[in-house]
Structure formats: structure tokens, C-alpha cells
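# Coordinate analysis (summary)
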Amino acid sequence: MIVGTHRLLQSDVLFKDLGLLIIDEEQRFGVTHKEQLKRLRTEVDVLTMTATPIPRTLYMSLTGIRDISMIQTPPEERLPIVTHVGVYNDRLVRQAILRELDRGGQVYFVHNRVQTIESIAAKLRRLVPEAETVVAHGQMDEQRLGAVMTAFARGRF
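The notes below deal with the structure included here. Given the structure is predicted, the values throughout are model-derived calculations rather than measurements.

Criteria and thresholds
Residues numbered from 1 in each chain as written. Predicted model: local features only at pLDDT ≥ 70, side-chain atom pairs only at ≥ 80, totals over all residues. Heavy atoms only, no water. Buried < 20%, exposed > 50% of the residue type's maximum accessible area, 1.4 Å probe, protein only. Helix = DSSP H or I, 4+ residues; strand = E, 2+ residues; numbered from the N terminus. Arc of directions from axis to C-beta. Contact = heavy atoms within 4.5 Å. Phe/Tyr/Trp six-rings, centres within 6.5 Å; stacked < 30°, edge-to-face > 60°. Salt bridge = Lys/Arg side-chain N within 4 Å of Asp/Glu carboxyl O. Core = buried A, V, L, I, M, F, W, Y, C linked by side-chain atoms within 4.5 Å.

A few words now on helix 4 (residues 117–127). Buried residues of helix 4: I117, A121, L124 and L127, and no others. An end-on view of helix 4 places all buried positions within 120° of arc, on one side of the element. Tucked inside the fold, the buried residues of helix 4 contact helix 3 (90–102).

Below, the structure is given as C-alpha cells:
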């Protein structure tokens, strides 16, 4: 058994008798990496996991290109996720963040452009100065991203 990073996909890494490849957080792999994984599928069983089925993966499963299994039983004591969709409103965003912080929770604020994520973070810092705000995205240095995510998991942000 081997556990590793994208490095395992480089051409100088060879496996003696690989039978099963398990990929966690598939959405972090780029197109080139996914093409390499497709070539492996002819010789190796591949299991990919993600907590958020990205549209392409969901489409592939619905059209039969790829199998999908879903874990539908939540862990004990897990609270249901409540989702509201609407037009962006500063007052509503502030209120929602403060409500979550007041109950001892944490907030992920998802933004879809790395190029403008820092300006959105600055806006949130002004909007909710009571919250400790930090930015994380897939283009960050691996060590920095890991440090941010670990600190978030420990409740620092």
C-alpha cells in the first residue's frame, strides 16, 4: 500500500503490482493528472472520493461513464445543512455569519475566482470584523494551504 501526493503520477514512479488506486479529493487534480489516471484505469481498479461531487463527475456518473456510490447515512449527532439561495446582501451575509459564530460554529464562504478572492476576503473582514477570516484556495503553496486547513479544523478561524 502506498499513500502519496500528485508525485505518484510522475513518469519516473513505477509500481510493481498495483491493483487498486484510491484517490481522495479528486477535485484537486488537474486535467493532465486526470488523463494519466484514465490511462491507469485500463490496468488498475480506481476508486475516487469527494465530499462534493463536482458537476463533471456527477454528469459522468449520471450518463453511465463512471459508477457512483453515495453514503447517505450521516454520522451520529450531525446537524443537517441548511441552504438558502438568494441575491447577495451584505446585511444578510453579516447576520448569517454572526449567527453561526454565536452558536460556536465556523463558516466557509465560497468564492469562485482566485484572482479576486483577496478582495472578497477584505470585504468580509470589513463586514464582520468579529470573525477571524483567512483565505484558502488550490493555487496556494501546499504547506501554506495545509497549515490554513489544519488551523481551520482546530477552530482557529
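Enumeration over the complete set of coordinates arrives at 1 aromatic pair. Arranged with centres 4.8 Å apart and planes meeting at 45°, the rings of Y108 and F152 form a pair that is tilted. Of this pair, Y108 sits in the loop between helix 3 and helix 4 while F152 is found in helix 5 (residues 142–153), placing the two residues 44 residues apart along the sequence.

To continue, consider the pattern of salt bridges. Summed over all chains, the structure comprises 3 salt bridges. Notably, a salt bridge pairs D90 with K123, separated by 3.6 Å at the nearest N-O pair. Within this pair, whereas D90 is found in helix 3, its partner K123 is found in helix 4, the two being separated by 33 residues in sequence. Its salt-bridge partner being E130, residue R94 comes within 2.8 Å of it at the nearest N-O pair. You can see R94 sitting in helix 3 and its partner E130 sitting in the loop between helix 4 and helix 5, a full 36 residues away along the chain.

Turning our attention to the nonpolar core. Counting residues in hydrophobic clusters, the biggest one holds 6 residues: V93, I97, L124, L127, V128 and A131. Those elements that provide at least two residues to this core are helix 3 and helix 4. V93 has contacts with Y88, F109, L124 and L127, leaving out every residue within four places of it along the chain.

Within the fold, H137 resides in the loop between helix 4 and helix 5. Given a relative accessible area of 18%, H137 falls into the buried group. Sequence-distant contacts of H137, defined by excluding residues within four places in its chain, comprise V114, I117 and L145.

Checked against the element boundaries, D24 lands in strand 1 (residues 20–24). Accessibility expressed as a relative area gives 49% for D24, which makes it partly exposed. Sequence spacing of D24 and T48 is 24 residues, and the spatial spacing of their C-alpha atoms is 6.0 Å.

These figures capture arrangement, not role.
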